[in-house]
Amino acid sequence: MKFFFYADNLNPSQLKRRAPEHKFLFTAYLPDHSIQFCRWSTQWRCGLASVIPSPGEKVWGAVFEITDEDLKILDEFEGDVPQGAYRHLPVTVITEEGEKLLVTTHAANPIGKFKPKEHYIDWVLKGVKQWKLPEESTEQWKAYKPA
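Keep in mind that this is a model prediction, so the values were computed, not measured.

So, how was this worked out
Residues numbered from 1 in each chain as written. Predicted model: local features only at pLDDT ≥ 70, side-chain atom pairs only at ≥ 80, totals over all residues. Heavy atoms only, no water. Salt bridge = Lys/Arg side-chain N within 4 Å of Asp/Glu carboxyl O. Helix = DSSP H or I, 4+ residues; strand = E, 2+ residues; numbered from the N terminus. Buried < 20%, exposed > 50% of the residue type's maximum accessible area, 1.4 Å probe, protein only.

Participant: How should the pattern of salt bridges be read in this particular structure?
Facilitator: Think of it this way: side chains of opposite charge can pair up when their charged atoms draw near. Tallied over the entire structure, the rule returns five salt bridges. Here Lys 145 and Glu 118 are joined by a salt bridge, their closest N and O atoms 3.7 Å apart. With Lys 145 in the segment after helix 4 (135-143) and Glu 118 in helix 3 (residues 118-130), the pair connects residues that are 27 residues apart, well separated along the chain. Lys 145 sits in the partly exposed class, given a relative accessible area of 28%. Taken together, the shared-partner salt bridges in this structure form one network comprising Glu 118, Asp 122 and Lys 145.

Participant: Hey, could you run me through the environment of Leu 101 in this one?
Facilitator: For Leu 101, the location among the structural elements is in strand 5 (residues 100-108). Sequence-wise, Leu 101 and Glu 76 are 25 residues apart; in three dimensions their C-alpha atoms are separated by 26 Å.

This is the structure in structure tokens:
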């Protein structure tokens, strides 16, 4: 299955634990979406990122091939938040070459608005750097850091 990861799941340490058989395919962005911190994480003690529809915005990430077993582990790890907090969502991403591709991603069922913390954003930025996402993505994540 082709899966679009963004936010903390891009971090190589986390990705290795949550989808051990993953294979990187390419970077891409999800058009007409933005990041919202709409779930609370007891692990991070801050808001967790999710994609939400937002015309004219885009969220950069990376597409990986993952196995059914990876997906099962990934869903179990999302157990940091209550069952049903995240859902699988079919989305169309656009590659850097402009190709459109239907993939799957996780999106949260929002429960409120929460603030991220610096350590969470730094964790995400390690993944942004690892997969060589565009500078635009780095700047976007840095802008989410608390003032």
